[in-house]
Every structure is written in C-alpha cells, then in structure tokens.
Amino acid sequence: MKRTLGCPTNTEKDYVGFATLPNQVHRKSVKKGFDFTLMVAGESGLGKSTLVNSLFLTDLHKDRKLLNAEERISQTVEIMKHTVDIEEKGVKLKLTIVDTPGFGDAVNNTECWRAVTDYIDQQFEHYFRDESGLNRKNIQDNRVHCCLYFIPPFGHGLRPVDIEFMKALQDKVNVVPLIAKADCLTPSEIKKLKERLREEIDKYGIKIYQFPDCDSDEDEEFKRQDKELKESTPFAVIGSNTVVEARGQRVRGRLYPWGIVEVENPAHCDFVKLRTILIRTHMHDLKDITSDCHYENYRAQCIQTMTR
C-alpha cells in the first residue's frame, strides 16, 4: 500500500502512546535511585551481622569492637546505623542497616525495646517535619521499612521478651521473625519449632508482616512461589561469609566434621527465600506498607494532637 509521507496509518492513529508510561516511570526511578532501611534485632551471638553481610555481600561491621561478657551484661540497648551504596546493573540502592546491640543481653530486660521504638518514632517525626516544611524536594527517607527479629533456636518457642518486643513494634514497622542459627537444629526440629512459633504468634495476637495475596491473573509459578514463602515463615536462616568446597564447587557455607551447610541451598535453610522477599519480590511492598499504613497512623496522631 502506498502512503504519503507524514500521513499516519490507521494503526498509528489508534495508538496514543500512554502505554510507554511504565517505561518513563522506570527511567525516572532508576535515575533517582532507591533507598531501603532494614533493622536487625535480637540478643548478641545470633549471627545478625553475618546474615546481613551474607544478604547484601558487604562488610558493614569491619570496624566494630567486640565486647566481652562483662561489658555485654552492663551494656544498655543502643542504636547503630550503617549506610552503604550498592549498585547492580545500573540500579542504585542506598541501604541503611540499623543494628541494636545490647538488646536482650542484660539480666533485667524490662522495656529494653524502648530505645528501638523511640528510634522508629524519631524517624517518623523527622520525615513528618520535612514533609510539612517549605522545601520538600529532597526529603531524606530514613523510616524503618522492615525489622528482622532473631529468635534463638535453643528454646521451645517465644520467650516473654520476644512477645513484648514484637507487640511493641507491630504497629510501627513490618516485623519479620527469623529462627537464627538454624544449623543447630535437625530438619524435623526446625519444622516443629516453626509450627510452635506460628501457633504462639496467633495465640498472643502478634501482627507480623503478611505477604500480600496474589492477583488472579498472576502466572502459576509466581503463585507457587508466593504460597511457598507464606508456608516458610518464620524463616530458619544461616549466615556465612566463608567460601567452602562442596561437590566440586565453591559455595558460601559452614564446614563441620559431619558435613557442609550451604547458605544458599534451599534444602539446608530459608536464606534464599528471605533474600528473595527482601530484595527481589517484596521490597516495594514493605516500603508501601511503611508509608501508607505505619507512617500514616503516626501522621494522623500528630495532626490530631496539633488540632486539639
């Protein structure tokens, strides 16, 4: 068919062009970069720092001074913040890790979570102040988007301090409970402990992070993966920054006299599942819930107080 230059065809007439909007949003987001704040909480010796380094392939605590037993017992809960810029395939992520050394280490742990809740509220306060100011172009978002709470593998369920901590934080941040040092337990022991923890979380009315339901039009593979993630909570994790030889391959894991525990082997632990939700599939959802739910509740309380 012969057509005159400059005259659009029927197909071109029907095409407006807003289908390229996702591409525009993608380009703008990539140029701006992303930020994510992750809090880790739990008593000393549960492998919090090792797990974070394993998740993001960084060394956030290389200058940290290790305390002896006496210093740990007398130590109060403090907040330590580490920020690192990560780039992958041209996409930049400003990752902030909030550590809570001293949590649960004292003999008397009454309200030891107060420093943590105060820190989360302070970040909400800073964001609210910046958002209400005159210059709102470059607001720094330091709100905590997710809290990984480490539960010791040695007990038979939740301790009173675990229950009180998660209840104190459940309306302020997305709480993701983890079974620390899962290589201390056999597969059957992990299964029993997970069932026990799920029962106790329901029994005490603790609100942990809930994975969003799949849309009906999602593909079967995504639905299967989502179902698997929901059934795996709380995640049993192992962290290691050591490379060992296993089946002729070099893998990150731990070498024991009885064999090798591979960190990234789904048959050995839930490390890959945790990394998947934090980085690949649910990072945006964690940020959305923080902004649309936890921060909005804080903001509504502030406005109510101001208008009284």
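In short, a report on the structure. (Residues numbered from 1 in each chain as written. Predicted model: local features only at pLDDT ≥ 70, side-chain atom pairs only at ≥ 80, totals over all residues. Heavy atoms only, no water.)

With respect to empty space enclosed by the protein
For the structure on display, the rule yields 2 cavities of 30 Å³ or more. In this structure, the largest cavity occupies an estimated 40 Å³ of space. Lining the largest cavity, in full, are Val 175, Val 176, Pro 177, Ile 208, Tyr 209, Phe 211, Thr 233, Phe 235 and Ile 277. Among the elements that take part in the lining of the largest cavity, strand 5 (residues 175–179) stands out by supplying 3 residues, more than any other. Of the residues contributing to the lining of the largest cavity, the split by class is 8 nonpolar, 1 polar and no charged. Around the second largest cavity, the lining residues are Phe 222, Gln 225, Asp 226, Leu 229, Thr 281 and His 282. Sorting elements by how many residues they give to the lining of the second largest cavity places helix 8 (residues 220–232) first, with 4 residues. (1 Å grid on protein atoms, 1.4 Å probe; cavity = no way out; pocket = protein on both sides within 12 Å on 5 of 7 lines; lining within 4 Å. Points joined across faces, edges and corners; volume = space filled by probe spheres on them. Helix = DSSP H or I, 4+ residues; strand = E, 2+ residues; numbered from the N terminus. Nonpolar A, V, L, I, M, F, W, Y, C, P; charged D, E, K, R; others polar.)

Regarding the sheet that holds strand 8 (residues 249–256)
In spatial order, the strands read 7-8-9; together these 3 strands make up an open sheet with antiparallel pairing. Of all strands in the sheet, those with a lone pairing partner are strand 7 (243–246) and strand 9 (259–262), marking the two edges. Neighbour-to-neighbour, the strand axes of the sheet open up by a mean angle of 70°, direction not taken into account. Sheet topology places strand 7 next to strand 8; 4 bridges connect them, and they run antiparallel. By the bridge assignment for strand 8, Glu 245 is matched with Arg 250. (Pairing = 2+ DSSP bridges. Axes fitted to C-alpha atoms, helices over the stretch in contact; angles between N-to-C directions.)

Here's the deal with the nonpolar core
By size, the foremost hydrophobic cluster in this structure holds 70 residues, and its most contacted members are Leu 148, Phe 165, Leu 178, Phe 235, Leu 274 and Leu 278. Every residue in contact with Phe 165, bar those within four places of it in the chain, is listed here: Ala 41, Phe 103, Trp 113, Val 116, Cys 147 and Tyr 149. (Core = buried A, V, L, I, M, F, W, Y, C linked by side-chain atoms within 4.5 Å. Buried < 20%, exposed > 50% of the residue type's maximum accessible area, 1.4 Å probe, protein only. Contact = heavy atoms within 4.5 Å.)

Regarding helix 3 (residues 48–56)
One full turn of an α-helix is made of 3.6 residues, so residues set three or four places apart face in the same direction. Most of helix 3 sits inside the fold, with 8 of its 9 residues counted as buried. Of all the residues in helix 3, the buried ones are Lys 48, Ser 49, Leu 51, Val 52, Asn 53, Ser 54, Leu 55 and Phe 56. Where helix 3 terminates, the next one or two residues include Leu 57, which has phi positive at roughly 50°.

Focus on the pattern of salt bridges
Going through the model one piece at a time under the given rule, you end up with 15 salt bridges. Across the pair Asp 121 and Lys 172 runs a salt bridge whose closest N-O atoms are separated by 3.0 Å. Of the two residues, Asp 121 is situated in helix 5 (residues 114–132) and Lys 172 in the loop between helix 6 (160–169) and strand 5; the sequence distance between them amounts to 51 residues. With relative accessibility at 23%, the residue Asp 121 sits in the partly exposed group. Close ionic contact of Lys 194 with Asp 270 constitutes a salt bridge, the shortest N to O distance being 2.6 Å. Highlighted residues: Lys 194 in helix 7 (residues 187–203) and Asp 270 in the loop between strand 9 and helix 9 (271–281), separated in sequence by 76 residues. Considered together, Lys 194 and Asp 270 belong to a single accessibility category, that of buried residues. Salt bridges sharing partners connect three or more residues here, namely Glu 43, Arg 159 and Asp 162. (Salt bridge = Lys/Arg side-chain N within 4 Å of Asp/Glu carboxyl O.)

Concerning the packing of aromatic side chains
Per the stated rule, a full pass over the model turns up 6 aromatic pairs. A ring pair is formed by Phe 124 and Tyr 295, whose centres lie 5.9 Å apart and whose planes are at 55°; its orientation type is tilted. Of the two residues, Phe 124 sits in helix 5 while Tyr 295 sits in helix 10 (residues 283–307), which places them 171 residues apart along the sequence. Phe 124 gets classed as buried once you look at its relative accessible area, which sits at 2%. (Phe/Tyr/Trp six-rings, centres within 6.5 Å; stacked < 30°, edge-to-face > 60°.)

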